[in-house]
Amino acid sequence: MRKRLFTKNSGIGLVSLLFALLLFFTATVSNYNGTQTQINQTTETYSHTLENIPIDIKYDSDKYFISGYSYETEVYLTSTNRLKLDSEINSSTRKFKVVADLTNLDEGTSKVTLQVKNLPDDVTATVSPVSMSVTIGNKKTETFPVKVELGDDQIAEGYALKSYELAISKAKVTSDETTIGQIDHVVATLPDSMRLSGNYDDNVTLQAVSASGMILPAVIEPAKAKLHVEVNALTKAVPIKIEYKGDMPSGVSDIKYSLSVDQAVIQGSQEALDAINEIVIPIDISAIEETMVRSIPLSADNVTVTPDVVDVTFTVVKKK
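One structure accompanies this document, and this report is about it. Just so it is clear, the model here is predicted, and its values are computed rather than measured.

Our next topic: the sheet that holds strand 3 (residues 72-79). Read across the sheet, five strands follow the order 6-4-1-3-7 without closing on themselves; strand pairing throughout is mixed. Strands at the two margins of the open sheet, each flanked by one partner only, are strand 6 (115-117) and strand 7 (123-128). Strand-to-strand, the axes of this sheet are offset by a mean angle of 40°, without reference to chain direction. By the bridge criterion, six bridges tie strand 3 to strand 7 in an arrangement that is antiparallel. Each residue of the ladder has a partner; that of Leu 77, found in strand 7, is Ala 125. Set on the sheet, helix 2 (residues 82-89) makes contact with strand 1 (46-58), strand 3 and strand 7; between it and strand 1 the angle comes to about 45°.

See the structure below:
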């Protein structure tokens, strides 16, 4: 009887021990998972880099003219709050701005620190670069003549400038006193990459330049002007000639020819045109035994030829 009681109590004790161990491990794992979740939630950080953020420059625009500065900068944002970060990334909901405050700076060139204003809590920002250089001078406005400048490289090969007309002859230029003293005139030019192979009629940007042609910082009124340019194709009419090669067939006494056109128009640079006085077509007559018509392509060095094909009629005279 005593032995059975001992066995029964031992079994109950073992079950209790196993149940206690199970509760302990369950609580430990639950506590560990909860701790890990809390760690992950508090340490996860989001970031984003914004480029071409405009710089809000504070200065007395009625008194001063500024130049030599950057218009935009790069901002690196970080936050543990994804919703707030997304709001600042989106330009339509963005609250922050980058400011350059020049109100306490004197005339001359200075370096000013860029500041981020109106940044929400839980969001941090780093500006790159952290500062910018700016030149401040007393504002001045004068009127200057406007000239059209067209480079030879802006007219396509095979064309020449015929005429041009600009809608204005003078423009108002605003800059600092030192720069105004260096301005010689205002220029109207075509876009750098443009090469005209036809007439041009559009607005072009105006720029203030020194006597040596250096572009100077200024605000010009109007900023653009209507420019009309006419160009002519460089062409030349040259005769077309046939040159026989090879031996006359044995049964043929003569081969005469006639052309559908006896002249061609060539187009190209002036140098290429000067080098060509005629277009010669070599014809091997050894295989021409009957009257026939052949279409022959026309070409010449460094030019285009119009028409590019000529019809040649060969009339064969048989031996009697």
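Another point: the sheet that holds strand 15 (residues 235-245). Pairing within the open sheet is mixed, and its four strands lie in the order 18-15-17-20. Across the chains shown, the open sheet's two edge strands, defined by having one partner strand only, are strand 18 (279-284) and strand 20 (304-306). For this sheet the average axis-to-axis angle between neighbouring strands, irrespective of direction, equals 35°. Relative to strand 18, strand 15 is paired through six bridges, and the arrangement is parallel. Opposite Ile 240, over in strand 18, you have Ile 279 as the bridge partner.

Moving on, we come to the packing of aromatic side chains. Under the counting rule described, the total for this entry stands at two aromatic pairs. Both rings, one in Tyr 69 and one in Tyr 71, keep their centres 4.9 Å apart while their planes meet at 50°; by these two values the pair is tilted. The exposure class of Tyr 69 is partly exposed, given its relative accessible area of 22%. For Tyr 71, a relative accessible area of 61% translates into the label exposed. Taken together, a centroid distance of 6.1 Å and an interplanar angle of 75° make the contact between Tyr 244 and Tyr 257 edge-to-face. Residue Tyr 244 is located in strand 15, and its partner Tyr 257 is located in strand 16 (residues 252-259); the two are separated by 13 residues in the primary sequence. The class for Tyr 244 is partly exposed, based on a relative accessible area of 30%.

This part covers the side chain of His 185. Inspection of the secondary structure assignment puts His 185 in strand 11 (residues 185-188). A polar atom in the side chain of His 185 sits 2.6 Å from the side chain of Asp 184. Those residues within four positions of His 185 in sequence are excluded, and the remaining contacts are Phe 144, Pro 145, Lys 147, Glu 149, Gln 207, Ala 208, Val 209 and Ser 210.

Counting 24 residues, the largest nonpolar core has Ile 266, Ile 281, Ile 283 and Leu 298 as its most contacted members. Those elements that place two or more of their residues in this core are strand 15, strand 16, strand 17 (263-267), helix 4 (270-274), strand 18 and strand 21 (309-318). At four residues, strand 21 tops the list of elements feeding residues into this core. Among all residues touching Ile 266, those that are not within four sequence positions of it are Leu 234, Thr 235, Lys 236, Val 238, Leu 273, Ile 276, Ile 279, Val 303, Thr 304 and Val 305.

A word on unusual backbone geometry. A cis geometry characterises the amide bond from Ser 128 onward to Pro 129, with omega recorded as 0°. Each neighbour pair has its own omega, and for Thr 306 with Pro 307 the value is 0°, a cis peptide bond. Among the structural elements, Pro 307 can be located in the loop between strand 20 and strand 21. Here Asn 52, not a glycine, exhibits a phi torsion of approximately 60°, which is positive. One can find Asn 52 in strand 1. The class for Asn 52 is exposed, based on a relative accessible area of 52%.

Conventions we followed
- Residues numbered from 1 in each chain as written.
- Predicted model: local features only at pLDDT ≥ 70, side-chain atom pairs only at ≥ 80, totals over all residues.
- Heavy atoms only, no water.
- Pairing = 2+ DSSP bridges.
- Helix = DSSP H or I, 4+ residues; strand = E, 2+ residues; numbered from the N terminus.
- Axes fitted to C-alpha atoms, helices over the stretch in contact; angles between N-to-C directions.
- Contact = heavy atoms within 4.5 Å.
- Phe/Tyr/Trp six-rings, centres within 6.5 Å; stacked < 30°, edge-to-face > 60°.
- Buried < 20%, exposed > 50% of the residue type's maximum accessible area, 1.4 Å probe, protein only.
- Polar contact = N/O pair within 3.5 Å; in protein donor to acceptor, adjacent residues only side chain to side chain.
- Core = buried A, V, L, I, M, F, W, Y, C linked by side-chain atoms within 4.5 Å.

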